[in-house]
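# Examination of the molecular architecture
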Amino acid sequence: MTGQTRGSARPNQWLRNLNAKIASIPMILTAVVIFVGGTAWTVLYSFTNSKLLPRLSFVGLDQYERLWAAPRWLVSIENLAIYGVLSLIFSLVIGFVLAALMDQKIRFENTFRTIMLYPFALSFIVTGLVWQWLLNPQYGAQSIVRSLGWTSFNFDPLYNSDIVIYGILIAALWQGTGLVMCLMLAGLRGIDEDIWKAARVDGIPMWKTYVLIIIPMMRGVFITTLVIIASGIVKVYDLVVAQTSGGPGIASEVPAKYVYDYMFQAQNLGQGFAASTMMLLTVAIIIVPWAYLEFGGGRKRG
Amino acid sequence: MVTAYDAASDRVKVGPRGAKPRRRLSRRNIIVYGTLIVVSLYYLLPLYVMIVTSLKGMPEIRVGNIFAPPLEITFEPWVKAWAEACTGLNCDGLSRGFWNSVRITVPSVIISIAVASVNGYALANWRFKGADLFFTILIVGAFIPYQVMIYPIVIVLREMGVYGTLTGLVIVHTIFGMPILTLLFRNYFAGLPEELFKAARVDGAGFWTIYFKIMLPMSLPIFVVAMILQVTGIWNDFLFGVVFTRPEYYPMTVQLNNIVNSVQGVKEYNVNMAATILTGLVPLTVYFVSGRLFVRGIAAGAVKG
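So, here's what we can say about the structure.

Criteria and cut-off values
Residues numbered from 1 in each chain as written. Chains lettered and ligands numbered in written order. Predicted model: local features only at pLDDT ≥ 70, side-chain atom pairs only at ≥ 80, totals over all residues. Heavy atoms only, no water. Helix = DSSP H or I, 4+ residues; strand = E, 2+ residues; numbered from the N terminus. Rg over C-alpha atoms; globule rule 2.2 N^0.38 Å. Buried < 20%, exposed > 50% of the residue type's maximum accessible area, 1.4 Å probe, protein only. Contact = heavy atoms within 4.5 Å. Lys, Arg positive; Asp, Glu negative; His and termini not counted. Charge placed at Lys NZ, Arg CZ, Asp CG, Glu CD. Axes fitted to C-alpha atoms, helices over the stretch in contact; angles between N-to-C directions. Parallel < 35°, antiparallel > 145°, perpendicular 65-115°, else oblique. Left-handed = near helix turned anticlockwise from the far one by under 90°. Nonpolar A, V, L, I, M, F, W, Y, C, P; charged D, E, K, R; others polar. Phe/Tyr/Trp six-rings, centres within 6.5 Å; stacked < 30°, edge-to-face > 60°. Lys NZ or Arg CZ within 6 Å of the ring centre and 35° of its normal. Polar contact = N/O pair within 3.5 Å; in protein donor to acceptor, adjacent residues only side chain to side chain. Patch = residues over 30% accessible without salt bridge, like charges linked within 9 Å, V, L, I, M, F, W, Y side chains within 5 Å. Areas by Shrake-Rupley, 256 points an atom, 1.4 Å probe, with all protein chains shown as cover. Salt bridge = Lys/Arg side-chain N within 4 Å of Asp/Glu carboxyl O.

### Quick look at the overall build of chain A
The number of helices and strands found in chain A is 14 helices and zero strands. Order of helices (α) and strands (β) in chain A, N terminus to C terminus: α-α-α-α-α-α-α-α-α-α-α-α-α-α. In terms of overall size, chain A is more extended than a compact globule, its C-alpha atoms giving a radius of gyration of 25 Å where 302 residues would be expected to give roughly 19 Å. Counting only C-alpha atoms and orienting by the principal axes, one finds that chain A spans roughly 85 × 60 × 30 Å. Within the span of chain A, comprising 302 residues, buried residues form 52% of the whole.

Right under this line is the structure:
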């Protein structure tokens, strides 16, 4: 593009654009040392029996066998699957419905948007603690319903290992649906007004217009949102720590917490590396098809 | 006009693009506003409960329900949360964590934006061989779970002698802020008219002169967006704070979690909620003050995942 030094002698390939290269050193270091190097390092050491300190003594797939035999890891994966599928479905559906409502030329749109999005500005720790309080069986939602006369009412997700993950889901949706709504709203605003007019002239009911015409047209927005939510799901950590600390027992453990605990608390680095490599694999499974859809097929962005 | 037709026929068919309907209390309006108001109450409820709880004394909490407004307003929980609540051995409240967070956030925001903006500028205007490759790695790397890179970073920081210090954490925030910020600035600078850049080149301006004299003054809006993104993101961080710092440097989020989830002693819910609000105050202020810019910021930052 621009900015090629047009020196008549072309002194040295390496000195061309020297300032730009110097300016890019942090980016290059981050990309190469941290992102590529760090990832490769972790994957490599996941095949060793590192305990307190990383050691290069290879044990093949031992760490992975141990990982997949650990009840706590299996619970983590199961939780992540339930939490992941439900939070994907709910945030997409709720986010879209809210966006569709907001797109009805309503008054006070800004006020509504501000209210729905403010939880997103908060830390997961804050969100987790608030919902810990709201779901406290002694004072929170359960006691309110009981005090209304329904004394046998039971809703104590954070103390019941069978449903604890749903308690976390409630908090996660409270925090995250505002963002999905905003993205969807932007998508809806990008749709040509004539589409609506045409659909109306043809007498197609509104819900049908949404399902059959608008949603397919918003494919790009949906995919982007999906990728954003999905990679957030894999990383979920803070919320669980704040809300339940993984409890009761190990009922609300998630992979990110497994990694942290094994690396920094149990000092079983090999397990931590193997678990984090599995997380990497999960993300790769999500990202690769998306990257292919988005950047493959000759279309280029940016 | 389509609108006139709709209003006249009283059918629930006004599309999003229609003009405002004439009748205020149409069935459609009741459904739309009704739903939005109910949803808004749901979103506001936790904030309300937080505030109400933080203003009650412990006896009132033990008897009343969490939605009841305080009978006797007391600010004692706030004072306690700020100055006396205990984490581990220290009993100096959240104030320590607050100042740690300030000392982490301010340099992290400034350095990460400075580095990334120059980077984005180089990528947009001074392309060199291989730049795109590194940039692609950077963007793809943004999707790698942090957990994969944490330990190698611990080693790097240890080798540099800054593991456990605020400097180390600032470096970490700069690293993980780089993908999204670089993308943001690169796209912004690439969108500026090329003639400007060319004219400056003809006049003999170099890399830094163009950056400081032309690009910087023209890109105040994007700097503000980046700042909002970073301030809220870094303030709300928990994982990096817990991994890369020692307890005396814990940011506010980590300290808050330690106060609330400590197992010893009676749980003082009012103090906990006051502490929670105090921690949320900075990002909430940024959110309410910046309004639309925040939306732009997160829309750009959402790519970070």
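Structure's up, so let's keep going.
### Comments concerning the overall build of chain B
Helix and strand counts for chain B stand at 15 helices and zero strands. Taken against the 2.2 N^0.38 rule, which gives 19 Å for 305 residues, the C-alpha radius of gyration of chain B at 25 Å runs more than 25% over that of a compact globule. Taken along its principal axes, the extent of the C-alpha atoms in chain B is 75 × 70 × 35 Å. In chain B, 68% of the contacts between residues at least 6 apart in sequence involve partners at least 24 apart. Charge-centre separation for chain B: the mean point of 26 positive side chains lies 11 Å from the mean point of 15 negative side chains.

### Comments concerning the packing of helix α11 (residues 220-236) of chain B against helix α14 (residues 269-290) of chain B
Residue and element names in this part refer to chain B. The geometry of α11 relative to α14 is characterised by a closest axis approach of 9 Å and an angle of 165° between their N-to-C directions. Considering the angle they form, α11 stands roughly antiparallel to α14. Classified by chirality, the crossing of α14 by α11 is left-handed. Two secondary-structure elements touch here, α11 through I228, V231, T232, W235 and N236 and α14 through T279, V282, P283, V286 and S290. Residue classes in the contact of α11 with α14 are distributed as six nonpolar, four polar and no charged.

### Comments concerning the packing of aromatic side chains
Tallying each qualifying case throughout the model produces 45 aromatic pairs over all chains. Pairing W68(A) with W73(A) gives two aromatic rings, centres 5.9 Å apart and planes at 90°, and the pair type is edge-to-face. Ring geometry for F273(A) against Y151(B): centres 5.6 Å apart, planes inclined by 75°, an arrangement best described as edge-to-face. Of the two residues, F273(A) is situated in helix α14 (residues 269-295) and Y151(B) in helix α7 (residues 146-160); the pairing between them involves two chains. Exposure class is identical for F273(A) and Y151(B). Each is buried. If you follow K235(A) out to its NZ or CZ, it ends over the ring of Y146(B), 4.4 Å from the centre. Across the ring face of Y163(B), the terminal group of R158(B) is positioned such that the distance to the ring centre comes to 5.7 Å.

### Digging into the side chain of N29(B)
The residue N29(B) is located in helix α2 (residues 27-54) in this model. At a separation of 2.9 Å, a polar atom in the side chain of N29(B) contacts the side chain of R28(B).

### Points about a nonpolar patch on the surface
A cluster of nonpolar side chains, contributed by L15(A), L18(A), I22(A), I25(A), L29(A), V32(A), V33(A), V156(B) and M160(B), occupies part of the molecular surface with about 740 Å² of accessible area. When residues of the nonpolar patch are traced back to their parent elements, those giving at least two are α1 (18-23) and α2 (25-45) of chain A together with α7 of chain B. Considering each element in turn, the nonpolar patch owes the most residues, four residues, to α2(A). With respect to the helices and strands, V156(B) occurs in helix α7.

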